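Topology and contacts: notes
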Amino acid sequence: MQALVYDQASDTLNLEEAWAKPTPGPEDALIRVHRAGICATDIEVTRGYVPGYHGVLGHEFVGRVERCSSRPELQGQRVVGEINCNDGGFSCADAAYQRNHAPGRSVLGIINRDGCMSQWLVLPARNLLTVPSSLADELAVFCEPLAAACRILEQGLLQQDGRQQVAVVGDGRLGLLIAQVLALRAPGRVTHFGRHADKMALVSGTAAQVVVTEATAAEHAGAFHLVVEASGSASSIRTALALTRPTGTLVLKTTVSLHDPAMPGWSELANDIVVNEKTLVGSR
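1. What about helix H4 (residues 143-154)?
For H4, spanning 12 residues, the distance from its first C-alpha to its last is 16 Å, which sits close to the expected 16 Å at 1.5 Å a residue. Close packing links the buried residues of H4 with strand E5 (60-67), helix H2 (95-101), helix H5 (173-185) and strand E14 (224-229). Glycine 156 sits one or two positions beyond H4 and adopts a positive phi of about 75 degrees.

In structure tokens form, the structure reads like this:
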């Protein structure tokens, strides 16, 4: 089958024409990919985010189940999927931990499992969600990044007391989705910061919008209780930390390369976080 394969050892990205078609196990589904999205994480993988990576990239997809012996009712259904695979059958009382952080897990297109930038992929049947007929493939392919946006709500970071002021930094796909999700839950309390007015115009009317310059960043410094950084760039991480008020919370939503010299050093971040008692939260 055709597959987009990255090999870190040779630092090559190739469209392979005869990559082995995956074989589903007894609890798996074989899925023919209709559409796959390109995530910033895929790009960071090619920059060294996952040491020793060799395999098919991609974890955002919509496709159709071709074979599933454990759940035959899924055959022929359009599906999207949870990307974390609890391959060892780990179980604990914390459902979110079991779902996202099970020891020994594989992760579609990231850790020990070929991704979706190919004609077929394999995922455990329990990971799949069927797509309603009213939702086109062009929209369904955004389910995974939308789930990442909703994870902020699942983590309980958005307060409903009406006083918490919220900022979203970044105007890529993830930033646009996060701004919409948070604005729906906290109308009138979300400000979206980005460098491209045309991108932010795609979601105009959902949140207040500010085009980031040195002047606008300084104007809003320390103004927000909750700040979500959704671009992963060095300048945006610095901006997001500056927007966070003392005792506020900064949420990091993006992965970054291990080899980017532009990234701020830990001492630069730690001094601000410690002195101003800010809380740093990771969110996938």
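2. With respect to the packing of aromatic side chains
Inspection of the entire model under this criterion finds three aromatic pairs. The interplanar angle of 90 degrees and the centroid separation of 5.7 Å between the aromatic rings of phenylalanine 193 and phenylalanine 224 together place this pair among those described as edge-to-face. Remark: phenylalanine 224 occurs in strand E14 and phenylalanine 193 occurs in strand E12 (residues 190-194); sequence separation between them is 31 residues. The two residues phenylalanine 193 and phenylalanine 224 agree in class, both being buried. Residue placement shows lysine 21 over the ring face of tryptophan 120; its charged tip is 4.1 Å from the ring centre.

3. Some thoughts on the sheet that holds strand E3 (residues 28-37)
The strand order E9-E3-E5-E6-E10 describes an open sheet built from five strands, whose pairing is antiparallel. Looking at which strands have only one partner, the edges of the open sheet turn out to be strand E9 (120-124) and strand E10 (128-130). Between one strand and the next, the sheet's axes are offset by a mean angle of 45 degrees, whatever the strand orientation.

4. Comments concerning the side chain of aspartate 7
Its place among the elements puts aspartate 7 in strand E1 (residues 3-7). Although aspartate 7 lies buried, it forms no salt bridge, and the closest oppositely charged side chain, arginine 47, sits 17 Å away as judged by the N-O distance. Here the side chain of aspartate 7 touches histidine 54 through a polar contact of 2.8 Å, side chain to side chain. Residues within four places of aspartate 7 in sequence aside, it is in contact with Thr12, Tyr53 and His54.

5. Here's the deal with the pairing of E14
A large share of E14 lies buried, amounting to five of its six residues. In the sheet, strand E11 (residues 166-169) pairs with E14 via four bridges, with the strands oriented parallel. Looking at E14, one finds that alanine 167 is bridged to valine 227. Of the pairings in the sheet, the one linking E14 to strand E15 (residues 244-252) comprises five bridges and is parallel in character. Bridging from a neighbouring strand, phenylalanine 224 pairs with threonine 244 of E15. As a crossover connection, the stretch from E14 through helix H8 (residues 234-243) into E15 is right-handed.

6. Thoughts on the nonpolar core
Core analysis: the largest hydrophobic core is formed by 27 residues, its most contacted members being Ile31, Phe61, Val65, Leu121, Leu123 and Leu128. Apart from the residues lying within four places of it in its own chain, the contact partners of phenylalanine 61 are Ile31, Arg35, Ala36, Val79, Val80, Gly81, Leu108, Cys116, Leu121, Leu123, Ala140 and Val141. If you look at the next biggest cluster of nonpolar residues, it comprises 21 residues, including Leu157, Val166, Ile178 and Val181.

Rules used in this analysis
Residues numbered from 1 in each chain as written. Predicted model: local features only at pLDDT ≥ 70, side-chain atom pairs only at ≥ 80, totals over all residues. Heavy atoms only, no water. Helix = DSSP H or I, 4+ residues; strand = E, 2+ residues; numbered from the N terminus. Expected span 1.5 Å × (residues − 1). Contact = heavy atoms within 4.5 Å. Phe/Tyr/Trp six-rings, centres within 6.5 Å; stacked < 30°, edge-to-face > 60°. Buried < 20%, exposed > 50% of the residue type's maximum accessible area, 1.4 Å probe, protein only. Lys NZ or Arg CZ within 6 Å of the ring centre and 35° of its normal. Pairing = 2+ DSSP bridges. Axes fitted to C-alpha atoms, helices over the stretch in contact; angles between N-to-C directions. Lys, Arg positive; Asp, Glu negative; His and termini not counted. Salt bridge = Lys/Arg side-chain N within 4 Å of Asp/Glu carboxyl O. Polar contact = N/O pair within 3.5 Å; in protein donor to acceptor, adjacent residues only side chain to side chain. Right-handed = clockwise from strand over helix to strand, strands pointing away. Core = buried A, V, L, I, M, F, W, Y, C linked by side-chain atoms within 4.5 Å.

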